[in-house]
Amino acid sequence: MLGKRKAVLVAATGVVSMVAVGFAQFSSGDGRTAPANDNVRRFVLILAGAADHSESTKFDLEVAAQTEALTADCMKSHGFRYTPKNPLSAVDPADASDFASLDYAHEHGFGISVFPHFLPATADKAYVKSLSGSALKAYVDSLSGCVDGAQRATEKEYGVREANSQWSQVDQKVQHDARYQSALQAWRNCASAVGRPAESRLSLIESLRKKYLPVIAEVQSGKPDVPQDQLAALAAKNPGWQSFHQAEVDAATATFPCSQATDRVYVSVFLEYVNKTR
């Protein structure tokens, strides 16, 4: 399976922990505008691996920017200042998983042991610090409500749920298609030949991820809230993490040709099915 359900959530700093969506008006009969329907199509293709990496990054950055803009509008309506964060404070294009890039495989493997790097979002720190008592409480309450509303509306505007649903339906057809089943068996044969036996790339990734959990737990040393940059520095010096990262890179690069062949079949069959439903 190439596609993977993707939660388009934008990490926020400060009082609220997650942001992802905004406020908009929808006029079509199904609750979506024509641009929203176009976004459903865009995201379905991204989930299927039928769009290039730059399009996936562009989509994520658009969602982040729209969310922040709408959150700022909402906060303004409540009488508070809120500076929209740079989308790069929530999206890291450099480290986002890219299964189509051999360079990515050589550097990051499958992306399991990657530490994302985001721009700091500090524009409103002094302003929030200046608030106290009832004003701070009102700010926190307003921000929470604005974020929740933003999540719902941008998700709708960008067709996140609908795209996941459509991808899932088409993916099930691809999974049972004889052409993809044959390609998947070819992947198994290829992976076994390079010393990485597994049922699929996904199962290989999941098995590696299970091994990674105790490794990163050791790096964290019981401190789960260690900032990413500090965690990355600690990991770079940790023999267990170094060993895992190299094993991940080795597995990703060894199976890269296997995966490329299987992915081409998946995308071809997926597009055939999805285009029949248009």
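Residues numbered from 1 in each chain as written. Predicted model: local features only at pLDDT ≥ 70, side-chain atom pairs only at ≥ 80, totals over all residues. Heavy atoms only, no water.

### Brief notes about helix α10 (residues 239-276)
Part 1 of the reasoning: With 38 residues, α10 extends 51 Å between its outermost C-alpha atoms, agreeing within 8% with the 56 Å of an ideal straight helix rising 1.5 Å per residue.
Part 2 of the reasoning: Remark: the principal bend of α10, roughly 55°, maps to F256, with a proline, P257, within the next four residues.
Part 3 of the reasoning: Structurally, the start of α10 carries an N-cap: the backbone nitrogen of G240 is 2.8 Å from a side-chain oxygen of N238. (Helix = DSSP H or I, 4+ residues; strand = E, 2+ residues; numbered from the N terminus. Expected span 1.5 Å × (residues − 1). Bend = angle between axes of the 7 residues up to and from the residue. Polar contact = N/O pair within 3.5 Å; in protein donor to acceptor, adjacent residues only side chain to side chain.)

### Some thoughts on the pattern of salt bridges
Part 1 of the reasoning: For the coordinates displayed, the defined rule picks out 11 salt bridges.
Part 2 of the reasoning: Between E55 and R42 there is a salt bridge, with the nearest N and O atoms lying 2.8 Å from each other. One end of the pair, E55, is in helix α2 (residues 53-77); the other, R42, is in helix α1 (residues 34-47), and 13 residues separate them in sequence.
Part 3 of the reasoning: E55 gets classed as partly exposed once you look at its relative accessible area, which sits at 22%.
Part 4 of the reasoning: Beyond isolated ion pairs, a larger network of salt bridges with shared partners links D177, R179, E272 and K276. (Salt bridge = Lys/Arg side-chain N within 4 Å of Asp/Glu carboxyl O. Buried < 20%, exposed > 50% of the residue type's maximum accessible area, 1.4 Å probe, protein only.)

### Remarks on the state of the cysteines
Part 1 of the reasoning: Evaluation of the coordinates by the stated rule reveals two disulfides.
Part 2 of the reasoning: Put simply, C74 and C146 are joined by a disulfide, and their sulfur atoms are 2.0 Å apart. On the sign convention where negative is left-handed, the bridge of C74 and C146, at about -75° about the S-S bond, is left-handed. You can see C74 sitting in helix α2 and its partner C146 sitting in helix α5 (residues 133-157), a full 72 residues away along the chain.
Part 3 of the reasoning: Bridging C190 to C258, the disulfide has an S-S length of 2.0 Å. Its torsion about the S-S bond being -70°, the disulfide of C190 and C258 is classed as left-handed. Taken together, the residues span a long stretch of sequence, with C190 in helix α7 (residues 178-193) and C258 in helix α10 at a distance of 68 residues.
Part 4 of the reasoning: According to the relative accessible area criterion, C258 is buried, its value standing at 3%.
Part 5 of the reasoning: Bonded cysteines in the chain are paired 1-2, 3-4 when counted in the order they occur along the chain. (Disulfide = S-S within 2.5 Å.)

### Some remarks on the side chain of T262
Part 1 of the reasoning: Checked against the element boundaries, T262 lands in helix α10.
Part 2 of the reasoning: With relative accessibility at 6%, the residue T262 sits in the buried group.
Part 3 of the reasoning: Excluding its chain neighbours within four sequence positions, the residues that come into contact with T262 are Y180, A183, L184 and W187. (Contact = heavy atoms within 4.5 Å.)

### Focus: the nonpolar core
Part 1 of the reasoning: Formed by 24 residues in total, the largest nonpolar core has its most connected members in F110, I112, F115, L204, L208, Y212 and W241.
Part 2 of the reasoning: Of all the secondary-structure elements, those providing two or more residues to this core are α7, α8 (201-220), α9 (228-236) and α10.
Part 3 of the reasoning: The dominant element in this core, judged by the number of residues it contributes, is α8, at seven residues.
Part 4 of the reasoning: Discounting chain neighbours no more than four positions away, the residues touching F115 are D95, Y212, I216, Q228, L231, A232, A235 and W241. (Core = buried A, V, L, I, M, F, W, Y, C linked by side-chain atoms within 4.5 Å.)

### Section: the environment of Y104
Part 1 of the reasoning: Considering the arrangement of structural elements, one finds Y104 in helix α3 (residues 102-108).
Part 2 of the reasoning: The sequence separation of Y104 and V249 amounts to 145 residues, and the corresponding C-alpha distance is 9.1 Å.
Part 3 of the reasoning: Excluding residues that lie within four positions of it along the chain, Y104 makes contacts with A94, D95, A96, S97, D98, G109, F110, G111 and V114.

### Some details on the confidence of the model for the chain
In low-pLDDT segments, the atomic positions of the prediction should not be examined closely.
Part 1 of the reasoning: In this model, the chain carries an average pLDDT of 86, and 86% of its residues clear a pLDDT of 70 or more.
Part 2 of the reasoning: Looking across the chain, the model is least confident in strand β2 (residues 18-19), with a mean pLDDT of 26, and most confident in α7, with 98.
Part 3 of the reasoning: A low-confidence stretch, residues 1-30 stays under pLDDT 50, and its non-local contacts, those more than four residues away or across chains, total 106 contacts. (pLDDT = per-residue confidence, 0-100.)

### Some words on α8
Part 1 of the reasoning: With 20 residues, α8 should reach 28 Å at 1.5 Å per residue; the first-to-last C-alpha distance of 28 Å fits that figure.
Part 2 of the reasoning: Most pronounced at Y212, the bend in α8 amounts to some 30°, and the proline P214 follows within four residues.
Part 3 of the reasoning: All buried positions along α8 are accounted for by R201, L204, I205, L208, Y212, V215, I216 and V219.
Part 4 of the reasoning: Structurally, α8 contributes buried residues whose contacts are with α7, α9 and α10.

### Examining the packing of aromatic side chains
Part 1 of the reasoning: For the coordinates displayed, the defined rule picks out nine aromatic pairs.
Part 2 of the reasoning: A centroid spacing of 5.5 Å and a plane angle of 90° characterise the contact between F59 and Y158, whose relative ring orientation is edge-to-face. Taken together, the residues span a long stretch of sequence, with F59 in helix α2 and Y158 in the loop between α5 and α6 (160-175) at a distance of 99 residues.
Part 3 of the reasoning: On the accessibility criterion, F59 (0% relative accessible area) is buried.
Part 4 of the reasoning: For the pair F80 and Y139, a centre-to-centre distance of 5.5 Å together with 90° between the ring planes defines the contact as edge-to-face. Of this pair, F80 sits in the loop between α2 and α3 while Y139 sits in helix α5, and the two are 59 residues apart along the sequence. (Phe/Tyr/Trp six-rings, centres within 6.5 Å; stacked < 30°, edge-to-face > 60°.)

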